[in-house]
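This is what each chain is made of:
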Amino acid sequence: MIAVALGLLLAPASTVTVEDRTEARGRIVAAGEGAADLETQPTVRLDVRGRHGADTLALAVAPRLVLTRPEGSSVRGEALALASLRLDVERRRVRVLAQQAFAYGAVSAGTLLVQPRTAPGEVPASPFPFPLDGRVLFTLLSSQSAVGVGYALSPRLAVSASASYFVYGGPDPESRRQLALSSGPSAEARLDAHLTRRDDAAAVVGARYTRLQFELQPGPSSSQGFGEARLRHRFSRLTWAEAGAGATVQAVEGFATSLYPSGDAALVTAFQQRSAHGELAFVARTGPWLNIFTGAVSQRVEGIVAARWVFGRNTLFAESAAQSTVGVTGVGEYRLLLGSAGYGRALSRQLSVDVGVRAGVQEVETCAARAEVLQLSAVVGLRYAAVPWRLR
């Protein structure tokens, strides 16, 4: 693998891409504080392709810089260094993949749990919970190392196996007071089948072991085993659906073993006209969820609807989501309703601007009390994507 990586660095096709997104945010929490943020995240990416086009190496650096002013406090800075490395090697029927992602720096829950943005053509991701106190500054360490091997049994059938190790949380006792440090290995095996011109299927089984470290003492370790079957169908060039079903068995040290069913379904449809195009996505999911407010695992269900309409240089987008725990009453009960809408305009091929608003309400019961949080936010963003630069 090292020899392949060195060979790629001497390869003839290398491209550098530079992007940046800067956004100003205002957040108002009805039950407590508000905050104003100015965030920028420049990204520099190097892509190297081998002589035969099968081997690729990608290196990306994307520091995240935030100036935030919580209500009643002075302006302070947050800096999170992010980097990733990915090596992909193909030899006839065999494919080998190695990747490493790393992040380290100072963050607060209010800026870390900013709701994810849905890119065109993507299935909407799960929304983040609202932090009960997003003002406390702490150090975050995140590392994900993975290696995988795939083999094509035939033009329609392929198998793969991967192993990974992760670290996520506070690296020191003071930071672990805000976010416990979790770490552990995982392994996964996968079978992919191209059934027909319109249908694909996959089956996945895996296991994961997690260790917890609280502020001054270790927490309970846990072991998970999971399995899932998936099916994807393309109704047409513009419409497709995907569904999956499975289960997770979790054993936590000192507690009884639990079984959590999991499943999801998504439908994405698009339209194209002479001067406009757009898409509409529906998503439903259920599965085990680690409650960040209590540390317990419970069953959670969610539904998301997202829409995007592009006409000329203009884009309108909207999204709504609902989440709720199932089978939980009292401590650990959680519900979230969230809606957002926005407008974007391409000023040129490299520069675009967007504005958006978001409103949500969250109810959660912790050991201390039942909390209801109403959050309103507004965002103004500016994105710059330079023309890729070929080195040779």
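Cut-offs used in this document
- Residues numbered from 1 in each chain as written.
- Predicted model: local features only at pLDDT ≥ 70, side-chain atom pairs only at ≥ 80, totals over all residues.
- Heavy atoms only, no water.
- Helix = DSSP H or I, 4+ residues; strand = E, 2+ residues; numbered from the N terminus.
- Contact = heavy atoms within 4.5 Å.
- Salt bridge = Lys/Arg side-chain N within 4 Å of Asp/Glu carboxyl O.
- Buried < 20%, exposed > 50% of the residue type's maximum accessible area, 1.4 Å probe, protein only.
- Phe/Tyr/Trp six-rings, centres within 6.5 Å; stacked < 30°, edge-to-face > 60°.

A.B. asks: Outline the environment of Thr 196, supporting the account with residue identities and numerical values.
C.D. replies: Position of Thr 196 relative to the elements: it lies in the loop between strand E9 (181-194) and strand E10 (199-213). Each residue touching Thr 196, except ones within four places of it in the same chain, is listed here: Arg 156 and Arg 234.

A.B. asks: Can you break down the pattern of salt bridges residue by residue, with the values?
C.D. replies: Scanning the model with the defined rule gives 27 salt bridges in all. In this structure, the salt-bridge partner of Glu 23 is Arg 25, at a minimum N-O distance of 2.7 Å. A single burial state applies to Glu 23 and to Arg 25, both of which are buried. Here Glu 228 makes a salt bridge to Arg 230, at a shortest N to O gap of 2.9 Å. Residue classification places Glu 228 among the partly exposed residues on the basis of a relative accessible area of 25%. Assessed through its relative accessible area of 18%, Arg 230 is described here as buried. One connected set of salt bridges, linked through shared partners, spans Arg 21, Glu 23, Arg 25, Arg 27, Asp 37, Glu 39, Arg 64, Arg 117 and Asp 354.

A.B. asks: Describe the packing of aromatic side chains, and please don't skip the residues or the numbers.
C.D. replies: According to the stated counting rule, one finds 3 aromatic pairs in the structure shown. Relative to Tyr 334, the ring of Trp 289 has its centre 4.6 Å away and its plane inclined at 35 degrees; by these criteria the two rings are tilted. Note that Trp 289 is positioned in strand E14 (residues 276-290) and Tyr 334 in strand E17 (residues 334-346), a separation of 45 residues in sequence. The exposure class assigned to Trp 289 is buried, which follows from its relative accessible area of 10%. Overall, Tyr 334 belongs to the buried group, its relative accessible area being 0%.

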